[in-house]
Amino acid sequence: MTESARLHLARIVEGEGRPRRWIVFVHGILGSGANWAGFARRLTDERPDWGAVLVDLRLHGRATGGAAPHTIEAAARDLVASLVAEGIAPEALSGHSFGSKVAYRAALELPISPRTVWLLDADPGPRPAAAGRSTVLRVIAALRALPRHFARRGDFTSGLTEQGFSASLAGWLGKNLKRDSEGLLLAIDLDAIEEILEDYHQVDLWPDLASAPFAVEVVIGKRSEVIGPAVRARLSSASEAGILRVHEIPDAGHWLHIDAPRALLGCFLARMSAED
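Residues numbered from 1 in each chain as written. Predicted model: local features only at pLDDT ≥ 70, side-chain atom pairs only at ≥ 80, totals over all residues. Heavy atoms only, no water.

What is the right way to read the packing of aromatic side chains from this model?
Each aromatic ring pair is characterised by the separation of its centres together with the angle its planes make. Tallied over the entire structure, the rule returns ten aromatic pairs. Between Phe150 and Phe156, the aromatic rings sit 5.3 Å apart at their centres with planes inclined by 85°, giving edge-to-face as the arrangement. Residue class for Phe150 comes out buried when judged on its relative accessible area of 5%. You can call Phe156 buried: its relative accessible area is 0%. Here the aromatic cluster, defined as three or more aromatic residues joined through ring pairs, consists of Phe25, Trp36, Phe39, Trp118 and Phe268. One cation-aromatic arrangement involves Lys101 over Tyr200; the distance from NZ or CZ to the ring centre is 4.4 Å. (Phe/Tyr/Trp six-rings, centres within 6.5 Å; stacked < 30°, edge-to-face > 60°. Buried < 20%, exposed > 50% of the residue type's maximum accessible area, 1.4 Å probe, protein only. Lys NZ or Arg CZ within 6 Å of the ring centre and 35° of its normal.)

This is the structure we're talking about:
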């Protein structure tokens with residue numbers, strides 16, 4: 001069995017309250033739990049009886065360790081082990097993009113099944129053809145072309161923007177820069193990221209969805225390029241069959257919590273109210 005990584009978990013609660021229920025937010029590839037901090041605070045402000053857990057997965061953020069092979073299953077086992085060690089039995093898990101399959105697999109392995117799993121702008125099926133045109137793989141190729149160290153953060157940002165990427169994406173990736181004796185170092189194992197991303201593109205959740213021991217809520221952005229017409233049609237059919245429930249946010253692309261945080265929050269709050 002793959003050696004587990006030591007994940008970083010951050011808890012968000014309203015005031016000094018002790019939440020009765022927990023929701024776990026799982027970030028996407030090259031992200032971190034901090035990506036969801038603002039949204040999680042909005043949620044706990046509205047529902048102080050809920051607490052949020054922000055996770056840094058293996059190969060990301062402040063997580064450490066975790067031996068190869070780097071797979072979705074390994075990342076899910078990391079998450080389960082970390083939650084059990086912290087005594088957290090979540091009632092809900094939410095995974096964005098890459099993190100959706102990690103959250104789903106972890107939910108199946110938890111000692112106590114959650115009531116709800118959220119798949120946020122993610123294709124539940126395998127996407128081997130997508131690997132060749134993946135934006136993330138183009139980003140990785142661009143990162144490989146850059147120097148290993150940078151004197152200033154701006155040098156890293158300009159290095160990416162000169163290759164055609166946006167300043168906002170460059171700034172987001174720049175959060176992974178760590179200072180060492182030679183300057184600023186990009187603290188990402190690109191080989192390992194490619195390995196786990198390849199596995200993500202192979203994983204198929206569809207065979208398990210009909211028998212999931214929890215409710216599956218899917219939220220997609222109407223403007224998202226990640227969810228193609230065929231996948232939208234399949235999700236719609238699954239929704240009509242009662243296998244899952246689909247919410248489409250008109251004003252959002254792939255980054256639901258950035259493009260339309262209030263609409264996304266409404267989806268979560270409605271589900272939480274239904275469970276009260």
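Moving on from the coordinates now.
Help me understand the pattern of salt bridges in this model?
Close approach of charged atoms allows side chains of opposite charge to pair. One pass over the structure, following the stated rule, counts 19 salt bridges. Between Asp49 and Arg21 there is a salt bridge; the shortest N-O distance is 2.8 Å. Taken together, the positions of Asp49 in the loop between α1 (37–46) and β4 (50–56) and Arg21 in strand β3 (residues 21–26) put the pair 28 residues apart, joining distant regions of the chain. Of the residues examined, Asp49 reaches a relative accessible area of 17% and is grouped as buried. Between Arg152 and Asp155 there is a salt bridge, with the nearest N and O atoms lying 3.1 Å from each other. By relative accessible area, Arg152 is classed as exposed at 53%. (Salt bridge = Lys/Arg side-chain N within 4 Å of Asp/Glu carboxyl O. Helix = DSSP H or I, 4+ residues; strand = E, 2+ residues; numbered from the N terminus.)

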